[in-house]
Structure formats: C-alpha cells, structure tokens
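Structural description and commentary
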Amino acid sequence: MNASAGLSSKVRVGSSQPPESSFKRKRGFFQKDLQHMMYGFGDDPNPLPETVALVEDVVLEYVTDMVHKAQDTASKRGKLLTEDFLFLIRKDSPKLNRCTELLSMNEELKQARKAFEVDEEKLSSIE
Amino acid sequence: MKKSKDPFEIAFEEQDESPPESPTGPDENEAQTPLTLDVSGDDDISNNLRPAVPSTSAAASIPVGTAGPTGKSKEEDEEEEEENMDVELGKLPSSGDPDKTAIMQTILSQFTEGQMSRYESFRRSGFQKSNMKRLLTSITGSAKISMPMTIVVSGIAKMFVGELVETARIVMAERKESGPIRPCHMREAYRRLKLEGKIPKRSVPRLFR
C-alpha cells in the first residue's frame, strides 16, 4: 500500500521534463522546517501533521510551477538566472522587496567574509 | 521550541549601542499605545500587554545585561561560520533607517514570552539550502543552481507559506474556530489565494500525480 501510494505521489512523470536525477521525495521532505515556519506565521506551536503535509505539497507544487515559468522566460536567453525569478514576482512587491533584501544581504556577507579572510592572512603573515 | 530570547535582544542592543535598560516608564507607556495595535495578533494579547509592560520590560532588560558578552561572541561565530539567514539577527544596522530599528527595538522589548518565541520561529525558520538546491536541481534537470537562486526561491517559498497560514487564520476567524489549523482551512486559503492570482497557473494541466 505504501509503495504504490508513495510512487504515485512522489515521482512526477507527466511533465515534459528531461529525466530527473535519482531524487525521490520521501514524505516529510520539509516537515521540520515547515513546522517551525507555520508556528512563526501564526499556527499552533505543534501544527497538525496532516496540515503540514498539505502545506508541503502545496509549496512543492508552487515552487515547481514557479521554476517552470522561470524556465519559460529563461529559454529565450539560454541559462536560468536569478533574474528570471525576480521577473516572475515583479508584481508582488512584498516578495520582490524581500528578495532584493536577501540578495543584498548575501552580498554584504560575502564581502564581510572576504575581508575577514584577508585579515586572517595578514595576521598569519605577521606571526 | 527553542528558548533563546537573548540573541534578538542582544542583536538590537548591539546595533544601537544603547544601554541595556529600556527607557524610563512614562516614555514606554506613551510609545506603547500606538504600537500595541501593530504588534498584537489576538485581542487577548493586546489586553494582557498593557498591564504586563512594566514587568516584562524590567524582566527583559536584566537577562540582556548579563548575557551580553557571551551573546556577542556567539553572534560573531555564527556570522563567520554559517551562511544561513540566521545571521540577519546580527546584521540589522546600517541599511535600515534608525527610526525603524528604534521602533522595532521598542516593540521587541515589550513582547511576551509567547510572542517572542513565535517571532523567533518566524525569523529563524527557513528551508534548508541543501534541500532546496536538490529540489531545484531535480525540477530543472540541470546542475547549475547558483546560491543566490536558492536563496531567492527559499525566500519566495517562505513568504508563500506565510500567506497560506495567514489566510488560513483569516478563514478560521470567519468560521469562528480555534486551535491548530486544519487541512480544510488550508484548502480554503489556497483556493482564495488562487482567486487572487497569487498562485502561478499551469498552462499544461498536471496529469499524473
């Protein structure tokens, strides 16, 4: 029972995609992360497992559809770039602002880490 | 759920370089009334917040003072070793405007235990980068998933979960139900988001599930 149910819901064969790498999603792929996230956004401290499972399915489908749409716009250019995702959410300003914030934070962190490495080198060369 | 209240307090204290003790009583009460409207999700919390403010602020300021030095070193370690967005706790400063961060600090100092725990979950939760990268690789079929792309998709997905949960809570409020969110609320929330057009539509219907 488990095997057939697992197969039918986990392996997406119907889409016109090249063969996927051997990546079979088991149940509860994002479960732990989702539980904390749902609590943070307003759910119970212990969300119901069936709700978490449903949210996981919805999110996976959402991400999949987003990626496919991004690939559609990217196919004209060739490579899939981060800008394709930003183009997708251009109408949704909270998401867009959040993504630009995340990207700039990532840049800052990279710079900070680089500066830290340079300092370390200097220190080690002095000693 | 994790208990650490300190990193938040410390992050804000650090960044503002102000003494750990919150401002004097009268200032807080004045600043508090407009703020509770933003902070409270439930009516219960806002009603409990006012009488509890002096005690929570006093209680909150004490652990910050003692935990300060150890908290700071932990933040630095996190910044240098880990890549994940936990670091935003320590970052907060320069790019934001000082007004906003001052307001945030005032709000955070007045949080109850439950609110602080929920806020902490909100800030710290996220999709694992490795998992998301694997997922994206399997969807696209190609191996070139850059780190910024993973970060962007994780951020978008997290906000989407937020929309789902908030809409589900609205649905529950309309039906006057309480407790944990049930799948029926979630499905109704999903349906409403679809009507609003926030869900990308599939041009090709998904045939095999």
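Residues numbered from 1 in each chain as written. Chains lettered and ligands numbered in written order. Predicted model: local features only at pLDDT ≥ 70, side-chain atom pairs only at ≥ 80, totals over all residues. Heavy atoms only, no water.

How we decide: UniProt positions are given in the numbering used here, feature names are shortened, and annotations may be inferred rather than shown by experiment.
For chain B, the name recorded in an unreviewed UniProt entry is Transcription initiation factor TFIID subunit 11-like, with Forsythia ovata as its organism. In the Subcellular location (unreviewed entry) part of its UniProt record, chain B is described as follows: "Nucleus".

As recorded in an unreviewed UniProt entry, chain A goes by the name Transcription initiation factor TFIID subunit 13, listed as coming from Forsythia ovata. Checking UniProt for chain A, the heading Sequence similarities (unreviewed entry) contains the comment "Belongs to the TAF13 family." According to the UniProt record, the Subcellular location (unreviewed entry) comment for chain A reads "Nucleus".

1. A word on the packing of helix α7 (residues 129-140) of chain B against helix α8 (residues 147-175) of chain B
Residue and element names in this part refer to chain B. In plain terms, the rule: Only the stretch in contact is used when fitting a helix axis, every axis being a line fitted to C-alpha atoms; angles between N-to-C directions are given from 0 to 180 degrees. Helix and strand labels come from DSSP, where a helix needs a run of H or I of at least four residues and a strand needs a run of E of at least two; each type is numbered from the N terminus. If an angle is under 35 degrees, it is roughly parallel; if it is over 145, roughly antiparallel; if it lies from 65 to 115, roughly perpendicular; otherwise it is oblique. The contact rule is simple, with two residues in contact once any of their heavy atoms fall within 4.5 Å. Each residue receives one of three labels: charged for Asp, Glu, Lys and Arg, nonpolar for Ala, Val, Leu, Ile, Met, Phe, Trp, Tyr, Cys and Pro, and polar for the others, Gly being one of them.
Contact geometry for α7 and α8: axes closest at 10 Å, N-to-C directions at 100°. Considering their axes alone, α7 and α8 lie roughly perpendicular with respect to each other. Where α7 approaches α8, its residues Lys129, Met132, Lys133 and Leu136 are matched on the opposing element by Met147, Met149, Thr150, Ile151, Val153, Ser154 and Ala157. Its residues placed into classes, the contact of α7 with α8 shows seven nonpolar, two polar and two charged.

2. What about the interface of chain B and chain A?
Think of interface size as the accessible area that goes away when the parts come together; that is how it is often given. Counted only if it meets this: Defined in terms of a 1.4 Å probe, buried area is the accessible area two parts forfeit on being brought together, summed over both. By definition here, a salt bridge exists when the distance from a side-chain nitrogen of Lys or Arg to a carboxyl oxygen of Asp or Glu is within 4 Å. Whenever a nitrogen or oxygen atom comes within 3.5 Å of another N or O atom, the pair is scored as a polar contact, on the condition that within protein one atom can donate a hydrogen and the other can accept it, and that pairs from neighbouring residues in sequence are kept only if both atoms are in side chains.
Listed as interface residues are 61 residues of chain B and, on the opposing side, 61 residues of chain A. For the pair chain B and chain A, the summed buried surface comes to about 6,200 Å²; carbon and sulfur atoms form 70% of the total. Taken together, chain B and chain A are joined by two salt bridges. B:Glu163 serves as the salt-bridge partner of A:Lys95, at 3.1 Å between the closest nitrogen and oxygen. In this structure, the connection of chain B to chain A is made through nine residue pairs in polar contact (both at pLDDT 80 or more). The element contributing the most residues to the side of chain B that touches chain A is α8(B), with 18 residues. Class assignment of the residues belonging to the side of chain B that touches chain A gives a composition of 28 nonpolar, 14 polar and 19 charged.

3. Examining the nonpolar core
Counted only if it meets this: Note on terminology: a nonpolar core comprises buried Ala, Val, Leu, Ile, Met, Phe, Trp, Tyr and Cys residues joined through side-chain atoms within 4.5 Å. Partly exposed residues are those whose accessible area sits between 20% and 50% of the maximum for their type, while under 20% is buried and over 50% is exposed, using a 1.4 Å probe and protein chains only.
By size, the foremost hydrophobic cluster in this structure holds 47 residues, and its most contacted members are A:Val63, B:Phe127 and B:Val161. Breaking this core down by element, the ones donating at least two residues are α2 (31-41), α3 (49-75), α4 (82-88) and α5 (93-126) of chain A together with α7, α8 and α9 (183-196) of chain B. For this core, the leading source of residues is α3(A), giving 12 residues. Not counting residues up to four positions away in its chain, the partners in contact with B:Val161 are A:Leu34, A:Met37, A:Met38, A:Phe41, A:Val55, A:Val59 and B:Phe127. Of all hydrophobic cores here, the second largest spans five residues; its members include B:Ile107, B:Leu108, B:Phe111 and B:Tyr119.

4. Points about a negative patch on the surface
All names here are of chain A. Condition: Patch membership is restricted to residues that have no salt bridge and whose relative accessible area is over 30%. Joining uses 9 Å for like charges and 5 Å for the nonpolar side chains Val, Leu, Ile, Met, Phe, Trp and Tyr. To measure how exposed things are, a 1.4 Å probe is used in the Shrake-Rupley method; for residues, cover is taken only from the protein chains shown. Only four residue types enter the tally: Lys and Arg on the positive side, Asp and Glu on the negative side; His and the chain ends are excluded. Taken as the charge location is NZ of Lys, CZ of Arg, CG of Asp or CD of Glu.
A contiguous patch of negative charge on the surface is contributed by Glu117, Asp119, Glu120 and Glu121. With respect to the helices and strands, Glu120 occurs in helix α5. Look at Glu120 and you get partly exposed, because its relative accessible area is 46%.

5. Focus: the confidence of the model for chain A
Where we set the bar: Confidence scores here are pLDDT values: one per residue, from the predictor, ranging 0 to 100.
Model confidence for chain A is summarised by a mean pLDDT of 81, while 78% of its residues fall at 70 or above. Taken together, the stretch residues 1-23 of chain A has pLDDT below 50 and engages in 22 contacts with residues farther than four places along the chain or on a different chain.

6. Remarks on the packing of aromatic side chains
Spelled out, the test is: Aromatic pairs are defined between Phe, Tyr and Trp rings, using the six-membered ring for Trp, whenever the two ring centres lie within 6.5 Å; interplanar angles under 30 degrees are classed as stacked, those over 60 as edge-to-face, and all others as tilted. Should the NZ of a Lys or the CZ of an Arg lie within 6 Å of a ring centre and within 35 degrees of the ring normal, that charge is described as sitting over the ring.
Taken as a whole and assessed by the stated rule, the structure comprises six aromatic pairs over all chains. With a centroid separation of 5.3 Å and 75° between ring planes, the pair formed by A:Phe41 and B:Phe122 is classed as edge-to-face. Of this pair, A:Phe41 sits in helix α2 while B:Phe122 is found in helix α6 (residues 113-124), placing the two residues in two different chains. Ring centres of A:Tyr62 and B:Phe160 lie 3.8 Å apart, and the angle between their planes is 0°; this geometry places the pair in the stacked category. Placement of the pair is A:Tyr62 in helix α3 and B:Phe160 in helix α8, with the two residues belonging to separate chains. Among the aromatic residues, ring-to-ring pairing joins A:Phe41, B:Phe111, B:Tyr119 and B:Phe122 into one connected group. The side chain of A:Arg90 reaches across the aromatic face of A:Phe87, ending 4.1 Å from its centre. Across the ring face of B:Phe122, the terminal group of B:Lys158 is positioned such that the distance to the ring centre comes to 5.4 Å.

7. Some words on the pattern of salt bridges
All names here are of chain B. Tallying each qualifying case throughout the model produces 13 salt bridges over all chains. Of the charged contacts, one joins Arg192 and Glu174 as a salt bridge, the two residues approaching to 2.8 Å between their closest N and O atoms. With a gap of 18 residues between them, Arg192 in helix α9 and Glu174 in helix α8 connect regions that are remote in the sequence. Among the residues examined, Arg192 registers a relative accessible area of 23% and is labelled partly exposed.

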